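Chains, contacts and geometry: an overview
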Amino acid sequence: MESIYRKDLSSCFCSFIPFFLSIPFIFVYYLQRLSLQTSVFFILLLFIIHFLVFNRFYTKEIFLRAHFLTLILTIGFIWSITSLAIGLFTITLSIFHLSEYISVGIWCPRTLNINSFLLNHSPQYHAAILIAYLEYFIEKYYFFPNGFPYHWIMIIIGLIMIISGEYLRKLAMYTAKENFSHLIEDKPNRDHRLITHGIYQYYRHPSYVGWFWWACGTQVLLANPICFFIYLFSTWFFFADRIVYEEATLTRYYGNVYRDYQKRVPVVGLTLLILGCALSNYNWWPTFVIIFYVLCPIPLAIGNRCTSYDGYSTSDTSPCKDFMWFLTSAIVASAFGLPAILFRANVILAGSMGFVMAANAVIFITISIYFITYNSDDSLGNF
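None of the values given here were measured: they were computed from a predicted structure. (Residues numbered from 1 in each chain as written. Predicted model: local features only at pLDDT ≥ 70, side-chain atom pairs only at ≥ 80, totals over all residues. Heavy atoms only, no water.)

Some remarks on the UniProt feature "transmembrane region" (unreviewed entry) in the protein chain
Those residues carrying the UniProt feature "transmembrane region" (unreviewed entry) are residues 12-30, 36-54, 66-91, 150-168, 211-233, 282-302, 323-342 and 348-372 in this numbering. In the segment residues 66-91, helix accounts for 96% and strand for 0%; the C-alpha atoms at its two ends are 14 Å apart. Regarding residues 323-342, the helix share stands at 100% and the strand share at 0%, and the terminal C-alpha atoms are separated by 28 Å. (UniProt positions renumbered as here; feature names shortened; annotations may be inferred. Helix = DSSP H or I, 4+ residues; strand = E, 2+ residues; numbered from the N terminus.)

Listed below in structure tokens is the structure:
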């Protein structure tokens, strides 16, 4: 079995060869010594020749998927020359799926299979990626043809979220090693043991936290406000069922041992609203703050049109703008006040209130950054 794992892992690593061979073509395209069509032609030729020559020596199904992902990685690097944000997003997608397979192969080979790439995650996941690309191009070519203002700020924030999320997820996989699995095991496994050390001393579900920040970070990177909320809601439904089911399963396996672990280690990392409501012993009353998330951009957008500079300069005032800022302040205050009132009325627990407060901070900071930089004169055209 170990030789099979090594062969599958080697099949993945070998697919990086045409990527490295493509670097000179990417470089000469960057120097404008070759056209885009010529560079892409030679790169595709490299990938095709490499696959046809070497696929017989490796596991073909693994080799094919790894080649596809490394080709996407190469396209991302080419894309980033002309459109940095979408190029980085494409690179991020490729690295995520490749790193998932490689990490499982290195640290948890017993569960390694073709599904470890997570390419067949779900139809909803594929649709979310497609919608992210569509929103970016619609905004780029119809709303911001000269480049999104101060997009470099969103790129930096997005990359920080993506890198920190990936680091946390891979740290969880490294800590759990043989006990990590992409799937929840319904039947007891005598080799499985409860991990309570390392990162699991601080987070009960660090891999979920990492994946959540990675997913939301990709939309911050692209400055996709609509997809940001779509990703937020989609993770809501995903984690709402999975975490409750997983914790019930672990409680059934380990009994009081896991209950003591729950008491000792709160889910402090799952600070966003979806997880604050989904965990056991919490309820769904805090979900009403979503109303404030939806309402908040409306007065900001109206106020943006009320200013003579089409921006949020403090030197430019008008009754319309002042009233819109008042409405925005009332909405934000209400979002923070709701969980406090629910806690005071003994409707929710203190932990749930803390999660919702953290969710509010992240959401409103993101909205503020988007609108403050909405129509600035300082734009980076290539982004």
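Looking at the nonpolar core
Counting residues in each nonpolar core, the largest one holds 35 residues, and the members touching the most others are Cys12, Phe16, Leu98, Tyr101, Phe117 and Tyr200. Listed by contribution, the elements that provide at least two residues to this core are helix 1 (2-14), helix 2 (16-30), helix 3 (36-54), helix 4 (60-82), helix 5 (84-107), helix 7 (151-176) and helix 10 (256-264). Among residues more than four places away in sequence, those in contact with tyrosine 101 are Asp8, Leu9, Cys12, Ile62, Leu112, Asn113, Ser116 and Phe117. Leu88, Leu118, Tyr125 and Cys227 belong to the second-largest nonpolar core, a separate cluster that totals 22 residues. (Core = buried A, V, L, I, M, F, W, Y, C linked by side-chain atoms within 4.5 Å. Buried < 20%, exposed > 50% of the residue type's maximum accessible area, 1.4 Å probe, protein only. Contact = heavy atoms within 4.5 Å.)

Some words on helix 3
The end-to-end C-alpha separation of helix 3 is 27 Å, in line with the 27 Å expected for 19 residues at 1.5 Å each. By the burial criterion, the buried members of helix 3 are Ser39, Ile43, Phe47, His50 and Phe51. One side of helix 3 holds all its buried residues, which, seen down the axis, span an arc of 100°. With respect to the buried face of helix 3, the exposed residues turned more than 90 degrees away are Gln37, Phe41 and Leu52. (Expected span 1.5 Å × (residues − 1). Arc of directions from axis to C-beta.)

A closer look at the side chain of histidine 50
Position of histidine 50 among the secondary structure elements: in helix 3. The class for histidine 50 is buried, based on a relative accessible area of 7%. Looking at histidine 50, its side chain comes within polar contact range of the side chain of histidine 67, at 3.0 Å. (Polar contact = N/O pair within 3.5 Å; in protein donor to acceptor, adjacent residues only side chain to side chain.)

Some thoughts on helix 8 (residues 206-222)
The end-to-end C-alpha distance of helix 8 is 25 Å, a good match for the 24 Å that 17 residues give at a rise of 1.5 Å each. Of all the 17 residues making up helix 8, 16 are buried; the element is thus mostly covered by neighbouring parts of the structure. Phi turns positive, to about 55°, at alanine 223, one or two residues after helix 8.

Remarks on the environment of glutamate 185
Mapped onto the fold, glutamate 185 is located in the loop between helix 7 and helix 8. A relative accessible area of 24% means that glutamate 185 is categorised as partly exposed. As a C-alpha pair, glutamate 185 and threonine 249 span 64 residues in sequence and 8.3 Å in three-dimensional space. Look past the residues within four positions of glutamate 185 in its chain and what remains in contact with it is Arg110, Thr249 and Tyr253.

Concerning the environment of tyrosine 261
Inspection of the secondary structure assignment puts tyrosine 261 in helix 10. Looking at tyrosine 261, the relative accessible area reads 2%, which means it is buried. Through-space distance from the C-alpha of tyrosine 261 to that of arginine 204 is 8.6 Å; in sequence the pair is 57 residues apart. Here tyrosine 261 is in contact with Ile195, Thr196, Tyr200, Tyr203 and Arg204, once residues within four sequence places are set aside.

Concerning the packing of aromatic side chains
A full pass over the atoms with the stated rule returns 18 aromatic pairs. Relative to phenylalanine 42, the ring of phenylalanine 41 has its centre 5.5 Å away and its plane inclined at 70°; by these criteria the two rings are edge-to-face. What links up through ring pairs into an aromatic cluster is the set Trp79, Phe89, Tyr133, Tyr136, Phe137 and Tyr141. It is lysine 140 that lies over the ring of tyrosine 141; its NZ or CZ is 5.9 Å from the centre. (Phe/Tyr/Trp six-rings, centres within 6.5 Å; stacked < 30°, edge-to-face > 60°. Lys NZ or Arg CZ within 6 Å of the ring centre and 35° of its normal.)

Topic: the packing of helix 4 against helix 5
Where helix 4 meets helix 5, the axes come as close as 7 Å, and the angle between the chain directions of the two elements is 155°. Of the possible angle classes, the one that applies to helix 4 and helix 5 is roughly antiparallel. Here helix 4 runs over helix 5; the crossing is left-handed. Contacts between helix 4 and helix 5 involve Ile62, Ala66, Leu69, Thr70, Ile72, Leu73, Gly76, Phe77, Trp79, Ser80 and Thr82 on the former and, on the latter, Leu84, Ile86, Gly87, Leu88, Thr90, Ile91, Ser94, Ile95, His97, Leu98 and Tyr101. (Axes fitted to C-alpha atoms, helices over the stretch in contact; angles between N-to-C directions. Parallel < 35°, antiparallel > 145°, perpendicular 65-115°, else oblique. Left-handed = near helix turned anticlockwise from the far one by under 90°.)

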